[in-house]
Amino acid sequence: MPKHVLLCPPAYFDVVDQKNPYMSKNSRVDRSKAEQQWQALRSALDQAGCQVETIPPAPGLEDMVFAANQVFVGFHEGVGKFIVPSRMVHLSRQREVPFYVDWFRQRGYKIIEVDLGSDHLEGHGDLLWHPDWSRIYAGYGFRSTQAGVEKFRDTMSKLGISVVPLRLVDPYCYHLDTCFCPLNDEAVLVYPGAYAPESLATLREFWKRVHILTVEEAHKFMGNGIVANGRYLTSSITPHLEAILRQEDLAPVIVDTSEFEKSGGSLFCMKAFLP
């Protein structure tokens, strides 16, 4: 079955403030280059056999291109396709959420609201499915809050879906998707320095093979790749990562995201897989 994936064109992408350590108000975005890089991502997904859908960007929402964050997308036999809307930390990103919720609602997804109160939950930035959809790994500490993850876990438990909380401690790995990338049902890419010791120990229990990224690889977004039909889409690569991918029968595909990295995001941040 081809993977379906949601992207948002970067028509209004920009860096206007500092939301993470990668960002600087002095970073100038080359809009033409950003568009070329986004088109290259879309082309790479097409070539990997994915069916790409898009959501229209909205003026004034410069981060809407990072389509992983606004909702959590899931499937359950009893519920069907569903989403859990995010409550983002930054107000500018909170305004993105209704556009995504409407897009999914119009396509028949059930909306599962989690009463987050003053807590935060940031979609697939911090909530990642195991490849076989047997459980969800949930990062917290910088964007999603521990209580937000616990409220999400309580909601998922009612559907019989387990959630594994993981505490993040490296501000450059402010989302789980920067330091945790499942390669298949048995293997995962991890940057150990991103986790509290007890969370790293917990994480290891669920994988036969834990491949270690260096700090340099993680901070260059090499763990923020996309696994699609035997390929690993990554913004850059090292001989070390290439050897890991070879061991897991994944072919590396380089897709430059230098413009988007100015905002602290790369390939995984720019897409949402659909059930």
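A short tour of the structure in this document, coming up. Note that the structure is predicted; figures quoted are calculated from it, not measured.

1. A word on the nonpolar core
For step 1, the next point in the chain: Counting 31 residues, the largest nonpolar core has Leu176, Phe180, Leu183, Tyr195 and Tyr232 as the members making the most contacts within it.
For step 2, the next point in the chain: Looking at this core, the elements that each hand over two or more residues are strand 8 (162–167), strand 9 (180–182), strand 10 (187–190), helix 6 (197–204) and helix 8 (239–247).
For step 3, the next point in the chain: The element best represented in this core is strand 10, accounting for four residues.
For step 4, the next point in the chain: Membership of the second largest hydrophobic core comes to 24 residues, among which are Val5, Ala48, Val52 and Ala228.

2. Here's the deal with helix 1 (residues 31–47)
For step 1, the next point in the chain: The terminal C-alpha atoms of helix 1 lie 24 Å apart, and with 17 residues this matches the ideal 24 Å at 1.5 Å per residue to within 8%.
For step 2, the next point in the chain: Among the residues of helix 1, those classed as buried are Ala34, Gln37, Trp38, Leu41, Ala44 and Leu45. The buried residues of helix 1 occupy one face: seen down the axis, they fall within an arc of 120°. What points out from helix 1, more than 90 degrees from its buried face, is the exposed set Gln36 and Gln47.
For step 3, the next point in the chain: For helix 1, the elements touching its buried residues are strand 1 (4–7), strand 2 (51–54), strand 12 (226–228), strand 13 (231–234), strand 14 (251–254) and helix 9 (258–261).
For step 4, the next point in the chain: Of the residues flanking the start of helix 1, the one acting as N-cap is Asp30, its side-chain oxygen 3.2 Å from the backbone nitrogen of Ser32.
For step 5, the next point in the chain: Just beyond helix 1, the residue with positive phi is Gly49, at close to 90°.

3. Digging into the packing of aromatic side chains
For step 1, the next point in the chain: Applying the stated rule across the entire model yields 15 aromatic pairs.
For step 2, the next point in the chain: With 6.0 Å between their ring centres and 85° between their planes, Phe13 and Phe66 make a pair best called edge-to-face. With a gap of 53 residues between them, Phe13 in the loop between strand 1 and helix 1 and Phe66 in the loop between strand 2 and strand 3 (71–76) connect regions that are remote in the sequence. In terms of burial, Phe13 and Phe66 fall into one category: buried.
For step 3, the next point in the chain: For the ring pair Phe66 and Phe260, a centre distance of 6.4 Å and an interplane angle of 85° mean the geometry is edge-to-face. With Phe66 in the loop between strand 2 and strand 3 and Phe260 in helix 9, the pair connects residues that are 194 residues apart, well separated along the chain.
For step 4, the next point in the chain: An aromatic cluster of at least three residues, connected via ring pairs, comprises Phe72, Phe82, Trp129, Trp133 and Phe152.
For step 5, the next point in the chain: Across from the ring centre of Phe273, 4.5 Å away, lies the NZ or CZ of Lys3, which sits over that ring.
For step 6, the next point in the chain: Seen from the ring of Phe268, Lys271 lies directly overhead, with NZ or CZ sitting 3.2 Å from the centre.

Cut-offs and rules
Residues numbered from 1 in each chain as written. Predicted model: local features only at pLDDT ≥ 70, side-chain atom pairs only at ≥ 80, totals over all residues. Heavy atoms only, no water. Core = buried A, V, L, I, M, F, W, Y, C linked by side-chain atoms within 4.5 Å. Buried < 20%, exposed > 50% of the residue type's maximum accessible area, 1.4 Å probe, protein only. Helix = DSSP H or I, 4+ residues; strand = E, 2+ residues; numbered from the N terminus. Expected span 1.5 Å × (residues − 1). Arc of directions from axis to C-beta. Contact = heavy atoms within 4.5 Å. Polar contact = N/O pair within 3.5 Å; in protein donor to acceptor, adjacent residues only side chain to side chain. Phe/Tyr/Trp six-rings, centres within 6.5 Å; stacked < 30°, edge-to-face > 60°. Lys NZ or Arg CZ within 6 Å of the ring centre and 35° of its normal.

By themselves, these are just geometric observations and shouldn't be taken as functional.
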